[in-house]
Amino acid sequence: MSTPFNLQTLLSSHSTDGLALHEQFINPAMAGVLKTIGFDARYVRGEGAYLIDDKGQRYLDCLGGYAVFAAGRNHPVIKDALKQAIDADLPNLPGIGLFRTSGILAQELVGLVPGNAGDKPEMVFFASGGAEAVDAALKQARIATGRKGLVHCTRSYHGLTMGALSVTGNHEFRDGFGELLAGTVEVAFNDLASLETALAPRDKAAFIVEPIQGKGVNLPSADYLREAAKLCAKYGTIFILDEIQTGLGRTGRWFAGEHFGMGTTWNPDIVILAKALSGGFVPVSAVLSKRWIHTKVYPSMNHCSRIQTTFGQNDLAMVAGLAALHVLREERLLENATAVGDYLMNGLRTALGGFELVKEIRGKGLMIAIEFARPRSMALKMAWDMLHKLDESLFCQAIIMPLMSDHHILAQVAGHRLDVIKLIPPLVLTRQDADVLMAALTTCVAACHRFPGPAWEVGKKLSAAAVRRFSPGEGGAPPRAVSGEPATV
Ligand code: PLP
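On a predicted model such as this, the values are computed, not experimentally measured, just so you know.

Next up on the list: the overall build of the protein. Counting its secondary structure elements, the protein contains 17 helices and 15 strands. Taking 2.2 N^0.38 as the reference for a compact globule, 489 residues should give roughly 23 Å; the C-alpha atoms of the protein span a radius of gyration of 23 Å, in line with that estimate. Projecting the C-alpha coordinates of the protein onto the three principal axes gives extents of approximately 70 × 70 × 45 Å. For the protein, the residues scored as buried account for 54% of the 489 residues in total. Sequence separation of at least 24 residues holds for 71% of the intrachain contacts in the protein that already meet a minimum separation of 6. Element-wise, carbon and sulfur atoms account for 56% of the exposed surface of the protein, whose accessible area totals about 20900 Å². The distance from the centre of the 48 positive side-chain charges to the centre of the 47 negative ones in the protein is 3 Å.

Structure follows, in structure tokens:
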């Protein structure tokens, strides 16, 4: 007699060996990091802005699966939509055949893009991951322009497939992978003169940029994106706006570019979405391109499948996307991101602004950074220098670790060699959650102002465990000095 599949029984029989399985079969180095920094809680459930462990402890999730959980975890409406899709026995993935749900989602997405029809991106290519979509966009740009060159920004993050990695300006991700795409040029973010120099030879297929850089939460100057779009038009380069992290409500608008005039004074040629579109359930990404680009990519029936991917338009992903958009709209989560984001940012400025180590609090909506800088007072300066000599990515762990262990709040360092903490919680975050977060951050930041003090012990602890330079970041910044690598200090 066959045994029925029972997920609960299976999970119960593995209630305590999650870390061991991870260590043995998935990534022992990462398992080591999680143990060392105290991020190895045994979560059993997710609910809205919270994760819940096997002892019933609730954790406020300000990392949000690297900005995936816009609508919160396990949103009942999205869950129900997916159950409906499964129960409907949809004709999923006909391969060569008509996909039923993708046209509906494509129409909705195009409807969200600001700007006039005919002048804005309005053809959609679906994929699963963000980097996969970036690769597709780069390929579209090369085909449409007949050029090879690609321009990207310092500190950009566009993903880790070979194409996306070639335009990722966080070079630590590139180490060891050999030659990437030829013809890429890196320019400083917010630097229009360098961009023009890079575009002037008229050999660049695309300029790819995040409206707000994820690594560090770097904001553009008010006119940067508009002027960059103009320069791209002037030199025949395709302007790709990577809204994978910022898109669909994170900053209080459907597209972060809208804060800077997108749809009114300029339009990207291609805009990319992913993360939040998944509803937190099914990986999905979308490349929205202007019609003329699309026509060049798929000029004839012979070329109709030139860029494609097996799971691209799968029904569960499309339904997750449709339901996620429904929830974002119905629950006015963009408005909530603005209101709670402003409340949190202003509150943090008041609570933390007076601390010597705090340099700046910045962001848009619920994408917020707290940047720290070298203090003035002697003892703190010594402690700061010591920690930075040990490793330039270490300081923020002195806040992230107690935030987790003492306050049960997940947050992340915004990237390698950055003294920046980043908050990207689900957009369902309430003012009460924000109050809890502000109080906890204030306690942890205050603790760093006592030297000697336990907060500064973090360096010793991490270097003893050889996880220096580990800065969890969206896209999974890797632990680079895990055991096995020689210690550098
Ligand atoms: N682009 C941006 C702006 C991102 O933030 C990310 C991921 O964090 C990516 C691209 C890559 O997406 P994925 O990790 O799904 O490949």
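Now that the structure has been shown, we can carry on.
Bringing the packing of helix H13 (residues 333-352) against helix H16 (residues 431-447) into the picture now. At a minimum axis distance of 10 Å, the contact between H13 and H16 shows a crossing angle of 25°. Taken as axis vectors, H13 and H16 run roughly parallel relative to one another. Here H13 and H16 pass one another in a crossing that is right-handed. Residues Ala339, Val340, Tyr343, Leu344, Gly347, Leu348, Ala351 and Leu352 of H13 lie in contact with H16, whose contacting residues are Arg431, Ala434, Asp435, Leu437, Met438, Leu441, Thr442 and Val445.

Our next topic: the site of the ligand. Among the 13 residues in the neighbourhood of the ligand, the closest are listed as Gly130, Ala131, Asp242, Gln245 and Lys275. Between the ligand and Gly130, the relevant distance is 2.8 Å, taken from an oxygen atom to a main-chain nitrogen or oxygen of the residue. Between the ligand and Asp242, the relevant distance is 2.6 Å, taken from a nitrogen atom to a side-chain nitrogen or oxygen of the residue. Contact with the protein chains removes 83% of the 390 Å² of surface that the ligand exposes when unbound. A per-class count over the shell around the ligand returns three nonpolar, six polar and four charged.

This part takes up a nonpolar patch on the surface. A cluster of nonpolar residues, Phe5, Leu7, Leu10 and Leu11, forms a patch on the protein surface that exposes about 430 Å² of accessible area. Note on placement: Leu7 falls in helix H1 (residues 7-13). When its relative accessible area of 45% is taken as the criterion, Leu7 is described as partly exposed.

In this section: the domain arrangement of the protein. In terms of domains, the protein is made up of domain 1 (17-71 + 333-474) and domain 2 (80-330). Here the C-alpha centre of domain 2 lies 29 Å away from the C-alpha centre of domain 1. Listed as interface residues are 31 residues of domain 1 and, on the opposing side, 29 residues of domain 2. Across the contact surface, domain 1 and domain 2 share one salt bridge. With its nearest N and O atoms 2.8 Å apart, the salt bridge here joins Arg417 to Glu172. The tally of links from domain 1 across to domain 2 stands at 12 residue pairs in polar contact (both at pLDDT 80 or more). Broken down by element, the side of domain 1 that touches domain 2 gets its largest block of residues, four residues, from H13. Its residues placed into classes, the side of domain 1 that touches domain 2 shows 20 nonpolar, six polar and five charged.

On to the sheet that holds strand E6 (residues 184-187). Read from one edge to the other, the open sheet built from seven strands follows the order E4-E10-E9-E8-E7-E5-E6, with strand pairing classed as mixed. Where the open sheet ends on each side, the last strands, each with one partner, are strand E4 (123-127) and E6. Sheet twist, expressed as the average angle between the axes of neighbouring strands with direction ignored, equals 20°. Here E4 runs beside strand E10 (residues 285-289); their pairing, made up of five bridges, is antiparallel. The residue of E10 that forms the bridge with Met123 is Ser289.

Moving on to the packing of aromatic side chains. Per the counting criterion, the structure on display carries nine aromatic pairs. Between the aromatic rings of Phe207 and Phe239, the centroid separation amounts to 5.9 Å while the plane-to-plane angle is 25°, which identifies the pairing as stacked. Here Phe239 lies in strand E8 (residues 238-242) and Phe207 lies in strand E7 (residues 204-209), a separation of 32 residues in the sequence. For the pair Phe207 and Phe239, a shared accessibility class is recorded, and that class is buried. For the pair Phe239 and Trp266, a centre-to-centre distance of 5.7 Å together with 70° between the ring planes defines the contact as edge-to-face. Of this pair, Phe239 sits in strand E8 while Trp266 sits in the loop between E8 and strand E9 (270-273); the two residues are 27 residues apart in sequence, bridging distant segments of the chain. Exposure remark for Phe239: the relative accessible area of 1% places this residue in the buried category. The exposure class of Trp266 is buried, given its relative accessible area of 5%.

Let's shift gears to the sheet that holds strand E3 (residues 58-61). One open sheet accounts for four strands, arranged E1-E2-E3-E13; its pairing is mixed. What marks the edges here is a single partner per strand, and that holds for strand E1 (43-47) and strand E13 (409-410). The sheet contact formed by strand E2 (residues 50-53) and E3 spans three bridges and is antiparallel. From the neighbouring strand, Leu51 faces E3, where its bridge partner is Tyr59.

On the secondary structure map, Arg250 appears in the loop between E8 and E9. Buried charge without a partner: Arg250 forms no salt bridge, and the closest opposite charge is Asp61, 8.9 Å away. Here Leu366 takes part through its backbone oxygen, which lies 2.7 Å from a polar atom of the side chain of Arg250. Here the side chain of Arg250 touches Pro425 through a polar contact of 2.7 Å, landing on its backbone oxygen. What Arg250 contacts, discounting residues up to four positions off in sequence, is Ala67, Ala70, Gln245, Ala337, Lys364, Gly365, Leu366, Met367, Ile424, Pro425, Pro426 and Leu427.

What counts and what doesn't
- Along each chain, residues carry numbers from 1 onward, in the same order as the chain's sequence is written.
- Only residues with pLDDT of 70 or above have their local features reported here, since the model is predicted, and side-chain atom pairs are shown and tallied only from 80 upward, although totals for entire chains, interfaces and linings are computed over all residues.
- Calculated side-chain values reflect all of the structure's heavy atoms, with hydrogen atoms and water omitted.
- Counting from the N terminus, the helices are the DSSP runs of H or I reaching at least four residues and the strands are the DSSP runs of E reaching at least two.
- Values of the radius of gyration come from C-alpha atoms, whereas the globule rule sets the reference at 2.2 Å times the count of residues to the power 0.38.
- Any residue under 20% of the maximum accessible area for its type is buried, any over 50% is exposed, and the rest in between are partly exposed; the area is computed with a 1.4 Å probe on protein chains only.
- Any two residues having at least one pair of non-hydrogen atoms within 4.5 Å are treated as being in contact.
- Only the protein chains shown count as cover for residues, with accessible areas throughout obtained via the Shrake-Rupley method and a probe of 1.4 Å.
- Residues counted as positive are Lys and Arg, residues counted as negative are Asp and Glu, and His and the chain ends are not counted.
- Note on charges: their place is set at NZ of Lys, CZ of Arg, CG of Asp or CD of Glu.
- Fitted lines through C-alpha atoms give the axes, limited to the stretch in contact for helices. The angle between two N-to-C directions lies from 0 to 180 degrees.
- Relative orientations are named as follows: roughly parallel for angles under 35 degrees, roughly antiparallel for angles over 145 degrees, roughly perpendicular for angles from 65 to 115 degrees, and oblique for any other angle.
- Crossing handedness: left-handed means the near helix sits turned counterclockwise from the far one by under a right angle, and right-handed means the same turn made clockwise.
- Throughout, the term near means that a residue has one or more heavy atoms lying within 4 Å of the molecule or strand in question.
- Under the rule applied, a polar contact is a pair of N or O atoms within 3.5 Å (in protein, one hydrogen donor and one hydrogen acceptor; residues adjacent in sequence only if both atoms are side-chain atoms).
- When residues are sorted by character, Ala, Val, Leu, Ile, Met, Phe, Trp, Tyr, Cys and Pro go into the nonpolar class, Asp, Glu, Lys and Arg into the charged class, and all the rest, Gly among them, into the polar class.
- Only residues whose relative accessible area exceeds 30% and that take part in no salt bridge are eligible for patches, with like-charged residues grouped when within 9 Å of each other and nonpolar side chains (Val, Leu, Ile, Met, Phe, Trp, Tyr) grouped when within 5 Å.
- The rule for a salt bridge is simple: a side-chain nitrogen of Lys or Arg has to be within 4 Å of a carboxyl oxygen of Asp or Glu.
- Either an automatic procedure or a domain database provided the assignment from which the domain bounds are taken.
- Should DSSP find at least two bridges between two strands, the strands are regarded as paired.
- Centre distance within 6.5 Å is the pairing criterion for rings of Phe, Tyr and Trp, where only the six-membered ring of Trp is used; planes under 30 degrees apart are then read as stacked, over 60 as edge-to-face, and the remainder as tilted.

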